[in-house]
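Architecture at a glance
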There are 2 protein chains.
Amino acid sequence: MNVRIAKNSGFCFGVKRAIRIALEASETNSEIVTLGSIIHNPQMVEKLNKKEIYRVDSIEEIKGRPTLIRSHGIKKTELEELKKKNIEIIDATCPYVYKAQQYASKLSDEGYPVIILGDESHPEVIAIRSYISGENYVVVDPLKIPAKRFKKVAVISQTTRSIEDLKKLIQALLPMCIELRIINTICSATSVRQEASLKLAQESDLMIVIGGKKSSNTKMLAKISAQFIETHHIETEKELSLKWLKNKENIGITAGASTPDWIIVNVYNKILKCLGNENKMVNNVKAIPGFKEDQNVV
Amino acid sequence: MNVRIAKNSGFCFGVKRAIRIALEASETNSEIVTLGSIIHNPQMVEKLNKKEIYRVDSIEEIKGRPTLIRSHGIKKTELEELKKKNIEIIDATCPYVYKAQQYASKLSDEGYPVIILGDESHPEVIAIRSYISGENYVVVDPLKIPAKRFKKVAVISQTTRSIEDLKKLIQALLPMCIELRIINTICSATSVRQEASLKLAQESDLMIVIGGKKSSNTKMLAKISAQFIETHHIETEKELSLKWLKNKENIGITAGASTPDWIIVNVYNKILKCLGNENKMVNNVKAIPGFKEDQNVV
């Protein structure tokens, strides 16, 4: 019997960094707030609550407390309002998202209509879009492009979209414009997680996918894995069922980019315990067979 | 029996314009020269010879005569040399090629390495390339891209390449760079001729393709047509063979972008004569069934 984790699993660079910044800030402040959930993982949000890192949903609720900007970023007008109100800002915007915001601003200033490949209701896209002063579009389906011809047009992407979708969008746009300026703002963390899960799913007879039920990147991992093998998407080890493990030779684990290491470790150890392998239990995600820390992802 | 011409055939906008400029200039000058063949059509070149429009192959051969720059353009250094020598310049560079030269220069000045999709030995590509001061590459096979990663890179194309090849090049480049700036410098005259020939070939049982044996766009029309039906590539009506026409119900004609109208008319009339239909002979290419003048092609 063999329990392995997908090579690239769990916290991505941007999430890891945001959590670290939040924890460091909480050490020197009695209380801090995050504008919106810091990540889409209820267990982590709960844990941060205990360290007096609270979520607020509007600037009115901040009430003078130091305010962390989550990895997805916030709208330009919100940032300006925080500054105007002299609120202490702890900026945990993912550097890749920040770059996308800067490109959005620059391209728009240079007179390009800007097309964002992404979901217009996602906080990251809302934030990026707010940096565009002129003509802009959000395209969720790469084949459904604006019905017009452009002399010039620029394209950027939500950092978590696939390169395949970006390629499709460009194919569709090319005959519709003279100049097409693409900034590839996709972060490879998403695609490496998907590829690693797919590979492990093909080598396993059961897959356990760990992450927030609302986390879209975790849901995508479960979807990919389910194409190959019996797959269960759980948030914590409490949801594990002994009957899933029966007669399984190769069990695979993977986790979304917002799933903390300790939840992955708990799930791994619970599986080993169920299978009577307590002696192989681990203290750290790095000790789980198969795990490999992300390389520089861009 | 039915003899038709492909909807888009013969002179493209740029060639038509270059010939017109040459003829107008010859009216007010005793003698002019073209630096290189004005077009890849020996019969037209011979005709222009009679109007004292001569081809030279180097600046030394010009000997003070007014000099026509052909539609493919010439190298930046050559243009500078002509100016320095106070030679009268008659610029018949195709406006679409001129635009590609200007973009090449601008993109290079803005610090972009520039990739040209095209044939590095073609005069148009040689001319465009000469406007690039920095790093540049010519890619003839869209799947064989430079083996390196780019922070930013620009792409332009020889005006006669297909949009499909440009798409392939972009697909290959996208994962290799952060910023990809594409200027679609392809002229649609080439693709509309190919599409029209393909359509007519599918509806015919014989295709006659007219144009210079060295004209690459004519050769491409013959190649496309030959995939569907018996096809003969000829330069003039003298090459027509009666036996090709035997038992043919639908005969299609097409011609490359450098094939003059009078050659097309001669071929058409010769076919009608062979078939005993002299009464249907025409004086003008526009009178051949199926012909339609190009719309604004860009």
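Above this text is the structure in question.
If you're wondering where the values come from, they're calculated on a predicted model, not measured in any experiment.

Definitions and limits used
- Residues numbered from 1 in each chain as written.
- Chains lettered and ligands numbered in written order.
- Predicted model: local features only at pLDDT ≥ 70, side-chain atom pairs only at ≥ 80, totals over all residues.
- Heavy atoms only, no water.
- Pairing = 2+ DSSP bridges.
- Helix = DSSP H or I, 4+ residues; strand = E, 2+ residues; numbered from the N terminus.
- Axes fitted to C-alpha atoms, helices over the stretch in contact; angles between N-to-C directions.
- Least-squares fit on C-alpha atoms with pLDDT ≥ 70 in both.
- Contact = heavy atoms within 4.5 Å.
- Buried area = accessible area lost by both parts, 1.4 Å probe.
- Salt bridge = Lys/Arg side-chain N within 4 Å of Asp/Glu carboxyl O.
- Polar contact = N/O pair within 3.5 Å; in protein donor to acceptor, adjacent residues only side chain to side chain.
- Nonpolar A, V, L, I, M, F, W, Y, C, P; charged D, E, K, R; others polar.
- Parallel < 35°, antiparallel > 145°, perpendicular 65-115°, else oblique.
- Left-handed = near helix turned anticlockwise from the far one by under 90°.

Turning our eyes to something else, we now look at the sheet that holds strand E11 (residues 231-234) of chain A. Residue and element names in this part refer to chain A. Strand order across the open sheet formed by four strands is E1-E12-E10-E11, with parallel pairing between neighbours. Every interior strand has two partners, whereas the edge strands, strand E1 (2-5) and E11, have only one. Along the sheet, successive strands turn relative to each other by an average axial angle of 20 degrees, direction set aside. Summarising the sheet, E1 and strand E12 (residues 250-255) pair through four bridges and their orientation is parallel. By the bridge assignment, Val3 is partnered in E12 with Ile251.

The next thing to look at is the relation of the copies chain A and chain B. Of the transformation superimposing chain A on chain B, the axial component is 0.0 Å and the angular component is 180 degrees, with the fit at an RMSD of 0.1 Å. Taken together, the turn and the small shift mark the pair as related by a two-fold rotation axis. Rotation axis and chain A: the residue whose C-alpha lies nearest the axis is A:Arg181, separated from it by 2.1 Å.

Contact residues are listed per partner, giving 18 residues for chain A and 17 residues for chain B. Buried area between chain A and chain B, both sides added, is near 1,700 Å², and the carbon and sulfur share of it is 58%. When the buried area of chain A at its contact with chain B is split by residue, A:Gln171, A:Leu174 and A:Ile178 rank highest and sum to 33% of it. Counting the contacts that link chain A with chain B gives two salt bridges. A salt bridge links B:Glu179 to A:Arg181; the shortest N-O distance between them is 2.6 Å. If you look at where chain A meets chain B, you find eight residue pairs in polar contact (both at pLDDT 80 or more). For the side of chain A that touches chain B, the elements supplying multiple residues, two or more each, are helix H6 (163-173) and strand E9 (177-183) of chain A. Looking at the side of chain A that touches chain B element by element, the count peaks at seven residues for E9(A). Per-class residue counts for the side of chain A that touches chain B are 13 nonpolar, two polar and three charged. Looking at chain direction, E9(A) and strand E9 (residues 177-183) of chain B are connected through five bridges and run antiparallel.

Attention now moves to the packing of helix H7 (residues 188-202) of chain B against helix H8 (residues 216-226) of chain B. Geometry of a packed helix pair, given as the angle between the helix axes and the separation of the axes. All names here are of chain B. H8 packs onto H7 with a crossing angle of 30 degrees between their chain directions and a minimal axis gap of 9 Å. Of the possible angle classes, the one that applies to H7 and H8 is roughly parallel. Where H7 crosses over H8, the handedness of that crossing is right-handed. On H8, the residues touching Arg193, Gln194, Ser197, Leu198 and Ala201 of H7 are Met220, Leu221, Ile224 and Ser225.

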